[in-house]
Amino acid sequence: MNIKYLYIILCVLTLASCKKFLDVQPESDATKEQLFSKEDGFKEALNGVYTYCATLDLYGGNLSFSNLDIIAQNYDFPDLTSQNLAAFKYDDPQWVGKADQIWTNVYKAIGNCNAILEMIDAKKSVLQAKNNELIKREALTLRAYLHFDLMRMYAPSYKNNPSAKAIPYVKVVSINATPFVTVKEVLDEVIADLNEAKSLLRGSDPILAADYRVGFPDKTYPDGTADSLKSTENRNPSLFLQNRRHRMNYFSTCGELARAYLYKQDYVNSLSNAKEVIDSKKFPWAKQTDVFNTNKEQRDKLFYTELISSWFLGEDGKKHVNNRFSDNNAAFRPTITQKDLIYELGAGGDEDWRYRQWFLDDVGTKLASLQKYTWNSTPQRNMHPVVAPAIRLSEMYYIAAESSFDTDPVKATAYVDSVRLHRGIRTLIPKTILKSDFIKKIADEARKEFY
């Protein structure tokens with residue numbers, strides 16, 4: 001990979017506003033010292049990172065709905081480039097160009113995180129104490145999240161070769177290229193950033209408050225529904241502190257730690273962090289009445305209350321997922337047979353809420369369209385915004401299951417059964433299952449969940 005792409009972090013040296021923060025060559029001559037001279041400057045800079053991460057270049061497209069989805073072999077592709085990528089032919093010229101683009105854009109987002117972290121401790125006097133801790137935690141978690149995804153895409157796995165050269169772990173804004181380090185060193189840096197983020201003042205994150213209730217911003221409730229059952233995610237008078245699940249909140253940090261420790265095969269710490277999310281009971285399981293709402297416009301197809309973090313999709317992102325999956329000429333469509341096989345039709349799969357709600361079969365073409373990310377036209381609104389999931393409650397259960405199997409296989413199977421039961425599948429996993437079969441079962445279940 002060409003190191004020159006790392007130089008894009010220079011864009012953070014001249015910043016003026018949230019939009020200009022993302023420009024490689026901003027028109028304004030305002031310096032970063034001017035931007036970070038006020039608390040609003042830090043907020044704008046951090047919002048800019050989220051805005052950029054949610055674009056088609058990153059999690060609003062390439063890293064959620066495109067290349068990795070092709071590699072998962074979930075679809076039937078008519079074009080040769082997608083077929084080559086699904087067959088792991090990474091020397092395809094179009095894929096090489098896309099891989100370089102992803103590399104560049106991830107490091108651009110990392111550079112913007114570093115600009116915030118470089119200034120935040122020196123500028124404590126301009127920030128409220130809680131906002132200082134909150135912004136720093138989010139920037140550290142974003143930096144770790146981005147590096148960890150990049151490593152998993154571009155480097156050998158930790159299990160196969162922890163000493164292999166991986167990627168640069170960039171922590172400074174500099175004109176000098178950061179050297180590549182090993183898989184183990186990247187993973188250690190990811191875990192260090194996340195543990196530092198987790199150690200910051202817990203009370204700075206509104207999601208930890210007892211009265212912070214996860215829910216739907218636009219759900220039509222029956223008359224007389226108690227306020228205690230409704231979401232409070234938009235009630236904070238500060239817009240910056242609303243919708244904590246559209247950001248890297250405290251539980252996002254725990255969830256990413258659970259991922260990283262599992263990757264490192266540190267099952268004790270992986271289980272501990274996954275359980276912290278699970279045991280918080282902040283993220284209620286999707287309700288059957290919401291998933292199968294008689295009003296089709298109000299159905300919850302994303303299991304929105306279970307999302308720990310997500311990327312908010314703007315109009316471009318919504319059009320992108322529609323073109324990819326939902327319209328009559330969608331680029332990504334599985335064959336009906338392919339979809340039925342993934343969801344184990346005939347072995348309990350016909351009960352699966354995901355199977356029943358996410359797909360629309362076209363018997364004529366023998367293809368299915370994914371309806372997971374469709375949205376409604378006015379005046380009726382979705383119960384929730386269209387988002388790209390970043391970390392899910394179900395994943396914490398899968399991680400807890402894998403991390404606990406060696407010490408408590410009965411508990412481990414119960415974790416996976418919990419997800420299955422909350423997807424309408426009543427068949428339980430045998431308690432005597434072999435570990436190799438259990439790991440395959442988790443992978444099969446995750447493939448259904450993350451489709």
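Each value, and the rule that gives it
- Residues numbered from 1 in each chain as written.
- Predicted model: local features only at pLDDT ≥ 70, side-chain atom pairs only at ≥ 80, totals over all residues.
- Heavy atoms only, no water.
- Helix = DSSP H or I, 4+ residues; strand = E, 2+ residues; numbered from the N terminus.
- Expected span 1.5 Å × (residues − 1).
- Buried < 20%, exposed > 50% of the residue type's maximum accessible area, 1.4 Å probe, protein only.
- Polar contact = N/O pair within 3.5 Å; in protein donor to acceptor, adjacent residues only side chain to side chain.
- Pairing = 2+ DSSP bridges.
- pLDDT = per-residue confidence, 0-100.
- Contact = heavy atoms within 4.5 Å.
- Phe/Tyr/Trp six-rings, centres within 6.5 Å; stacked < 30°, edge-to-face > 60°.
- Core = buried A, V, L, I, M, F, W, Y, C linked by side-chain atoms within 4.5 Å.

Visitor: Sorry, what's going on with helix 5 (residues 93-120) here?
Guide: Residue pairs three or four apart in sequence face the same way in an α-helix, which turns once every 3.6 residues. For helix 5, with 28 residues, the first-to-last C-alpha span of 41 Å sits near the 40 Å given by 1.5 Å per residue. Burial runs high along helix 5: 20 of the 28 residues are buried. The residue sitting at the N-terminus of helix 5 and contributing the capping side-chain oxygen is D92; that oxygen lies 3.0 Å from the backbone nitrogen of Q94.

Visitor: Even after reading the chapter, I still don't get the pairing of strand 4 (residues 359-362), so can you show me in this structure?
Guide: The side chains of a regular strand alternate, first on one face of the sheet and then on the other. Where strand 4 and strand 5 (residues 367-370) come together, four bridges link them in antiparallel fashion. Across the sheet, the residue bridging to D361 is A368, located in strand 5. The hairpin turn running from strand 4 into strand 5, its antiparallel successor, is four residues long, and K366 in that turn takes a positive phi close to 65°.

Visitor: Looking at this model, I keep getting lost on the confidence of the model for the chain. Mind explaining?
Guide: Considering every residue of the chain, the mean pLDDT works out to 90; 92% of them sit at 70 or more. For residues 1-29, every residue scores under 50 in pLDDT, and the model assigns this stretch 70 contacts once sequence neighbours within four places are set aside.

Visitor: What am I meant to see in the packing of aromatic side chains here?
Guide: Between two aromatic rings, the relevant description is the distance of the centres plus the angle of the planes. All chains considered together, the criterion is met by 33 aromatic pairs. Measuring from centroid to centroid gives 5.3 Å for W103 and Y154, while their planes differ by 70°, and the two rings are edge-to-face. Pair noted here: W103 is in helix 5 and Y154 is in helix 6 (residues 129-154), with a separation of 51 residues, a long-range link. Taking the relative accessible area as the measure of exposure, Y154 reaches 25% and is therefore partly exposed. The structure contains a cluster of three or more aromatic residues connected by ring pairs, namely F65, Y75, F77, F325, F332, Y343, Y355, F359, Y373 and Y451.

Visitor: Is there a simple way to think about the nonpolar core in this case?
Guide: Note on soluble globular proteins: their nonpolar side chains tend to be buried together. Counting residues in hydrophobic clusters, the biggest one holds 126 residues, and the most contacted among them are I116, M151, W311, M396 and F438. The element contributing the most residues to this core is helix 5, with 13 residues. With sequence-adjacent residues up to four places away left out, F438 is seen in contact with A401, F405, A412, T413, V416, I429 and I433.

Visitor: Could you clarify how one ought to interpret helix 6 in this entry?
Guide: Here helix 6 spans 38 Å end to end across 26 residues, near enough to the 38 Å set by a 1.5 Å rise per residue. Taking burial as the measure, the 26 residues of helix 6 include 21 buried ones, the bulk of the element.

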